[in-house]
Amino acid sequence: MTNIVTELSLAKPVVTDGAWGTQLQMRGLAVGDAPDPWNLDHADLVEQVAAAYVAAGSQVILTNTFGANRVLLERHGLGDKVAEINVAGVEISRRAAAAAGARVFASMGPTGKMLAVGEISAEEAREVYLEQAAALRDGGADALLVETMSDLAEAAEAVAAGVAVGLPVVASMTYQRGARGFRTLMGETVAACVKRLTEAGASAVGANCGMGPEQMVAVVNECTAAGSLPVWAKANAGMPRQTAEGTIYDVGAQEFAAQSLLLRDAGAAFIGGCCGSTPAAISAVVAALRG
Ligand SMILES: [Zn+2]
């Protein structure tokens, strides 16, 4: 079936955006505070982040809705604001994207409760994601991005919820490299994730966070070998290091951009950045990919 995700992927590589959390922190979000409520209280500052990525050349930008599910918002006493925060998040990104004709893929992250150990049932997870996905659709998202997932069962529920509300879905897992190769926190292989997420109805699969661009190239290779869907890749700008000045990421914009060429050569259809990546890095990626 053709949809905006498959359509965009035909003209790959598509440049997506970079990290949002650190950009919001530069604008006053306290470390450890939930960014999602800013869609209501500081919409102008959230829009600055979205606009910075559009200006950098992102063809796809995300939304500030990564943690805007009922389970996480309830911890902040905002369980009754799920719809409002998600709709506002999409509207903010749409305003920033409009001028450049960029697309808005709305972000859905983990609930923070593990299905594997019974903290939440599959049915409950599906309900939580159905509520968030419906609000993101109502706000006008072009597609959904299920991201930073370390539990394949939870990711599959989120993908199914997105499909159920009628949106194309990109499914992005987080892997770590161990002695047996790349695995999610729950021990699932890349091939197992690609297979199950494809069956759940994803239009693209891939990985974000947890590793720098070099390892991400290897994960992209595993994704392309395991299936036929377009591949999404958002590496961190290296691994975080704690210093007296705060958290530092070692991969600068130029090196990050050089690595994006390797991601392209490995077959990645959507290329952006996760933690530590900046509008400057995305701008360098655009320049590198355009040759
Ligand atoms: Zn990240």
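First, a word on scope: everything that follows refers to the structure included in this document.

Let's shift gears to the overall build of the chain. A count of helical and extended segments in the chain gives 12 helices and 12 strands. Over its C-alpha trace the chain gives a radius of gyration of 17 Å, about what one expects of a compact globule, namely 19 Å for 291 residues. Along the longest, intermediate and shortest principal axes, the C-alpha atoms of the chain span 45 × 45 × 40 Å. Counting over 291 residues, the chain shows a buried share of 57%.

If you trace the eight strands from one edge of the open sheet to the other, you get 1-12-9-8-5-4-3-2, paired in parallel fashion. Two strands close off the open sheet at either side, each with one partner strand: strand 1 (14–15) and strand 2 (60–61). Bridging between strand 5 (residues 169–173) and strand 8 (residues 204–208) involves four bridges; their strand directions are parallel. Its bridge partner lying in strand 8, Ala171 is registered against Val205. Across the sheet, helix 6 (residues 82–98) touches strand 2 and strand 3 (103–108), and the angle it forms with strand 3 is around 155°.

Below, the discussion takes up the packing of helix 8 (residues 152–164) against helix 9 (residues 190–200). At a minimum axis separation of 9 Å, helix 8 and helix 9 run at an interaxial angle of 25°. One element, helix 8, and the other, helix 9, form an angle in the roughly parallel class. Helix-helix and strand crossings are classified by hand; for helix 8 and helix 9 the assignment is right-handed. Residues Leu152, Ala155, Ala156, Val159 and Ala160 of helix 8 touch helix 9, and the partners they reach there are Ala192, Cys193, Arg196, Leu197 and Ala200.

Put simply, helix 9 and helix 10 (residues 213–226) touch, their axes get as near as 9 Å, and they point 50° apart. Considering their axes alone, helix 9 and helix 10 lie oblique with respect to each other. For the element pair helix 9 and helix 10, the recorded crossing hand is right-handed. Residue-level inspection shows Val190, Ala191, Val194 and Lys195 of helix 9 in contact with helix 10, the latter providing Val219, Glu222, Cys223 and Ala226. When its residues are assigned to classes, the contact of helix 9 with helix 10 shows six nonpolar, no polar and two charged.

It is worth spelling out helix 8 at this point. Between its first and last C-alpha atoms helix 8 spans 18 Å; for 13 residues at 1.5 Å apiece the expected length is 18 Å, and the two agree. Counting buried positions along helix 8 yields 10 of 13 residues, so the element is predominantly enclosed. Taken together, the buried positions of helix 8 are Leu152, Glu154, Ala155, Ala156, Glu157, Ala158, Val159, Ala160, Ala161 and Gly162. Where helix 8 ends, the next residue or the one after it, Gly166, has phi of about 95°, a positive value.

Here we come to the pairing of strand 9 (residues 231–235). Buried residues dominate strand 9, accounting for five of its five residues. Of the two faces of strand 9, the one carrying Val231, Ala233 and Ala235 and the one carrying Trp232 and Lys234 are both buried. Of the strand pairs in this sheet, strand 8 and strand 9 are connected by four bridges, and their pairing is parallel. Bridge pairing in strand 9 places Asn208 opposite Lys234. The pairing of strand 9 with strand 12 (residues 270–273) spans four bridges and is parallel. Counted as the bridge partner of Lys234 is Gly272 from strand 12.

Considering the arrangement of structural elements, one finds Leu261 in helix 11 (residues 253–265). In this structure the C-alpha to C-alpha distance between Leu261 and Thr22, which are 239 residues apart in sequence, comes to 25 Å.

This part covers the environment of Thr198. Within the secondary structure, Thr198 is located in helix 9. On the basis of neighbour count, Thr198 is assigned to the partly exposed category, with 18 C-beta atoms found within 10 Å. C-alpha of Thr198 to C-alpha of Val159: the two residues are 39 residues apart in sequence and 9.3 Å apart in space. Not counting residues within four places of it along the chain, the set of residues in contact with Thr198 comprises Val205, Gly227 and Leu229.

On to the pairing of strand 4 (residues 143–149). Taking burial as the measure, the seven residues of strand 4 include seven buried ones, the bulk of the element. Of the strand pairs in this sheet, strand 3 and strand 4 are connected by four bridges, and their pairing is parallel. Considered in strand 4, the bridge of Ala106 is made with Leu144. In the classification by handedness, the crossover that spans strand 3, the intervening helix 7 (residues 122–139) and the parallel strand 4 is right-handed. Sheet topology note: the strand 4/strand 5 ladder contains four bridges and is parallel. In the sheet register, Leu145 faces strand 5, and the bridge partner there is Val170. At this point the chain moves from strand 4, through helix 8, to the parallel strand 5, and the crossover so formed is right-handed.

Reading the values: rules and limits
- Residues numbered from 1 in each chain as written.
- Predicted model: local features only at pLDDT ≥ 70, side-chain atom pairs only at ≥ 80, totals over all residues.
- Helix = DSSP H or I, 4+ residues; strand = E, 2+ residues; numbered from the N terminus.
- Rg over C-alpha atoms; globule rule 2.2 N^0.38 Å.
- Buried ≥ 20, exposed ≤ 12 C-beta atoms within 10 Å, placed from the backbone.
- Pairing = 2+ DSSP bridges.
- Contact = placed C-beta atoms within 7 Å.
- Axes fitted to C-alpha atoms, helices over the stretch in contact; angles between N-to-C directions.
- Parallel < 35°, antiparallel > 145°, perpendicular 65-115°, else oblique.
- Left-handed = near helix turned anticlockwise from the far one by under 90°.
- Nonpolar A, V, L, I, M, F, W, Y, C, P; charged D, E, K, R; others polar.
- Expected span 1.5 Å × (residues − 1).
- Right-handed = clockwise from strand over helix to strand, strands pointing away.

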